[in-house]
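# Observations on chain architecture
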Amino acid sequence: MPARKREYDEDDVRVRPGRSSRPRTRTRPKHDDAVDALVITVDRGRYGCVLEDTGETKSGTRGAAGGFEVITAMRARELGRKSVVVGDRVSLVGDVSGAPGALARIVRIGERTSVLRRTADDDDTTPEGRLERVVVANADQLVIVSALSDPPPRTGFIDRCLVAAYDADVEPLLCLTKADLAGPEQVLDYYAELDLPYVLVKPGSDLDELRGRLASRISVLVGHSGVGKSTLVNRLVPDALRAVGAVSAVGKGRHTSTSAVALRLPPVGKSKKDPGWIVDTPGIRSFGLAHVSAESLLHGFPDLVEGTLEDQPNCGHTAADGDCRLDAWVAEGKADARRLASYRRLLASRAGELDARNEEGSTT
């Protein structure tokens with residue numbers, strides 16, 4: 001009788017084990033015990049956070065962030081490649097005491113209401129020369145600090161900031177410093193069609209109007225060197241140097257003048273109104289707009305928009321476009337020629353045809 005053919009089953013199959021014998025799952029912990037916090041500084045993988053539901057530290061004294069203990073946290077692995085920036089509202093687990101050596105984990109990032117971006121195109125010699133970078137999340141207002149004299153106002157830089165603000169759906173505020181040296185008429189005339197809100201600041205003058213515009217908001221301050229932005233920050237937050245030094249310690253010694261940091265504004269008198277936060281951005285030397293589409297650049301020039309309605313759909317609005325209606329629009333006195341020149345400089349800079357640093361230095 002011939003031998004019966006053997007039937008094989010799964011026990012005869014040898015399977016090489018994988019790197020881990022643990023079953024893979026997409027289930028993630030819910031972290032029901034997580035607490036909500038605001039990111040106020042970011043430095044090399046460490047994040048300084050504060051709990052927003054308390055105004056005093058456990059000892060009853062004011063903390064480095066205006067009454068908030070600074071919690072050092074790191075990003076949880078489950079977040080993947082999601083970035084965390086100043087202004088993000090996050091959920092923390094672990095040790096949230098803020099004690100020296102304590103470390104918490106960021107397990108969730110809240111949905112952002114706004115994202116203020118810039119393109120770092122101020123240095124084309126580096127690999128990251130034209131990378132898009134997030135300046136701050138959830139900002140309500142961009143405060144553009146410009147001196148009226150010494151140095152003169154740089155409308156090229158202001159125009160760039162306005163485009164970035166409108167593109168991010170963040171309200172702009174023009175803060176004109178050194179108002180004791182020159183009047184604001186020239187700058188205000190340049191932006192007359194925009195109805196741009198502004199405040200004037202003199203040495204020793206009260207900051208009541210500015211504080212009123214900052215209250216209950218997260219405001220980002222930007223400005224060139226020499227315009228008085230650091231002086232303004234120190235006047236708004238008298239212990240700013242101590243606060244910046246404390247939160248910068250999260251990154252173990254990075255120079256305090258190069259990293260963005262959120263500072264809690266002190267309360268005004270006995271008012272219980274939220275005084276707001278300011279984000280100081282000392283490291284920003286230029287505001288690149290390569291991430292903004294050519295069409296979106298018009299957001300910063302609403303006085304020119306109507307003049308483009310009669311243009312051909314493929315018009316680039318540059319000086320080389322002979323049929324561009326913007327030239328006629330200006331010739332008819334419906335817009336300022338300086339505004340058109342600034343818009344076209346931004347177009348050229350965005351296309352890489354003009355150095356942003358030179359363009360930003362243009363004045364009225």
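In short, a report on the structure.

Thresholds, definitions, all that
Residues numbered from 1 in each chain as written. Predicted model: local features only at pLDDT ≥ 70, side-chain atom pairs only at ≥ 80, totals over all residues. Heavy atoms only, no water. Helix = DSSP H or I, 4+ residues; strand = E, 2+ residues; numbered from the N terminus. Buried < 20%, exposed > 50% of the residue type's maximum accessible area, 1.4 Å probe, protein only. Contact = heavy atoms within 4.5 Å. Areas by Shrake-Rupley, 256 points an atom, 1.4 Å probe, with all protein chains shown as cover. Pairing = 2+ DSSP bridges. Axes fitted to C-alpha atoms, helices over the stretch in contact; angles between N-to-C directions. Parallel < 35°, antiparallel > 145°, perpendicular 65-115°, else oblique. Nonpolar A, V, L, I, M, F, W, Y, C, P; charged D, E, K, R; others polar. Salt bridge = Lys/Arg side-chain N within 4 Å of Asp/Glu carboxyl O. 1 Å grid on protein atoms, 1.4 Å probe; cavity = no way out; pocket = protein on both sides within 12 Å on 5 of 7 lines; lining within 4 Å. Points joined across faces, edges and corners; volume = space filled by probe spheres on them. Expected span 1.5 Å × (residues − 1). Arc of directions from axis to C-beta. Phe/Tyr/Trp six-rings, centres within 6.5 Å; stacked < 30°, edge-to-face > 60°. Lys NZ or Arg CZ within 6 Å of the ring centre and 35° of its normal. Core = buried A, V, L, I, M, F, W, Y, C linked by side-chain atoms within 4.5 Å.

Moving on: the overall build of the protein. Within the protein, the regular secondary structure consists of nine helices and 13 strands. The buried share among the 364 residues of the protein stands at 45%. Taking all contacts inside the protein whose residues are at least 6 apart in sequence as the whole, residues at least 24 apart take part in 68%. Carbon and sulfur atoms form 47% of the exposed surface of the protein, whose accessible area is close to 20100 Å².

Judged from the four bridges that link them, strand β1 (residues 35–43) and strand β4 (residues 89–94) form a sheet pairing that is antiparallel. If you follow D36 over to β4, its bridge partner there is S91. In this sheet, strand β2 (residues 46–50) lies alongside β1 in antiparallel orientation, the contact comprising five bridges. Bridged to L38 within β2 is V50. A loop of two residues connects β1 with β2, the two strands running antiparallel in sequence, and R44 in this loop sits at a positive phi of about 50°.

You can see R160 is positioned in helix α1 (residues 155–167). Residue class for R160 comes out buried when judged on its relative accessible area of 1%. Put simply, R160 and R118 are 42 residues apart on the chain and 9.6 Å apart in space, counted from C-alpha to C-alpha.

The next thing to look at is the packing of α1 against helix α8 (residues 337–350). In contact at an axis separation of 10 Å, α1 and α8 are set at 70° when each is read in the N-to-C sense. Considered as vectors, α1 and α8 are oriented roughly perpendicular to each other. Counting all contacts with α1, which are made through D159, R160 and V163, the residues of α8 involved are R339, S342, L346 and S349. Residues belonging to the contact of α1 with α8 are distributed by class as follows: two nonpolar, two polar and three charged.

Let us now look at the pattern of salt bridges. Any two side chains of opposite charge can pair, on the condition that their charged atoms come close. Evaluated as defined, the whole model comprises 14 salt bridges. Linking D43 and R44 is a salt bridge whose minimum nitrogen-to-oxygen distance equals 3.2 Å. In this structure D43 comes out as buried when scored by relative accessible area, which is 6%. Residue R44 is classed as exposed on the basis of its relative accessible area of 53%. Salt-bridge contacts for R339 lead to D159; the nearest nitrogen and oxygen are separated by 3.2 Å. Within this pair, whereas R339 is found in helix α8, its partner D159 is found in helix α1, the two being separated by 180 residues in sequence. In this structure, R339 and D159 share a single accessibility class: buried. Bridged by salt links that share partners, the residues E310, R325, E332 and K334 form one connected network.

Where empty space is left becomes clear once a probe the size of a water molecule has been rolled over the atoms. Throughout the structure, instances matching the rule amount to two cavities of 30 Å³ or more. The volume enclosed by the largest cavity comes to roughly 70 Å³. Lining the largest cavity, in full, are I144, V145, S146, A147, P151, P152, P153, R154, F157, I158, H224 and V227. Elements with a contribution of two residues or more to the lining of the largest cavity: β8 (141–147) and α1. Residues that form the lining of the largest cavity fall into these classes: nine nonpolar, two polar and one charged.

Look at α1: 18 Å from first C-alpha to last across 13 residues, which is about the 18 Å you get at 1.5 Å a residue. Of all the 13 residues making up α1, eleven are buried; the element is thus mostly covered by neighbouring parts of the structure. Among all positions of α1, only T155, G156, F157, I158, D159, R160, C161, L162, V163, A164 and A165 are buried. One or two positions beyond α1, positive phi appears at D169, with a value near 60°.

If you check which residues of helix α4 (residues 229–236) are buried, you get K229, L232, V233 and L236. Across the axial projection of α4, the buried residues extend over an arc of 100°, all falling on one side.

Note the cis peptide between D150 and P151, where omega equals 5°. When you line up the elements, P151 lands in the loop between β8 and α1. Residues other than glycine seldom take positive phi values, yet D195 does so here, at roughly 55°. By the element assignment, D195 lies in the loop between α2 (185–190) and β10 (198–200).

Here we take up the packing of aromatic side chains. Per the counting criterion, the structure on display carries two aromatic pairs. Considering the side-chain rings of F301 and Y343, the 5.3 Å spacing of their centres and the 55° angle between planes classify their relative orientation as tilted. Separated by 42 residues along the polypeptide, F301 in the loop between β13 (277–280) and α6 (302–305) and Y343 in helix α8 bring together distant segments of the chain. The burial state of F301 is the same as that of Y343; both residues are buried. Taking the ring centre of Y190 as reference, the NZ or CZ of R339 above it sits at 5.4 Å.

A word on the nonpolar core. Ranked by size, the top nonpolar core spans 54 residues in total, and within it L116, L142, I144, V220, V222, F287 and Y343 carry the most contacts. Per-element tally for this core: the top contributor is α1, with seven residues. L116 has contacts with R133, V134, V135, V136, L142, A164, A165, A168, V220 and F287, leaving out every residue within four places of it along the chain. In terms of nonpolar packing, the next biggest core, distinct from the first, is built from 21 residues, L173, C175, L214 and L232 among them.

This is a description of form; function is not addressed.
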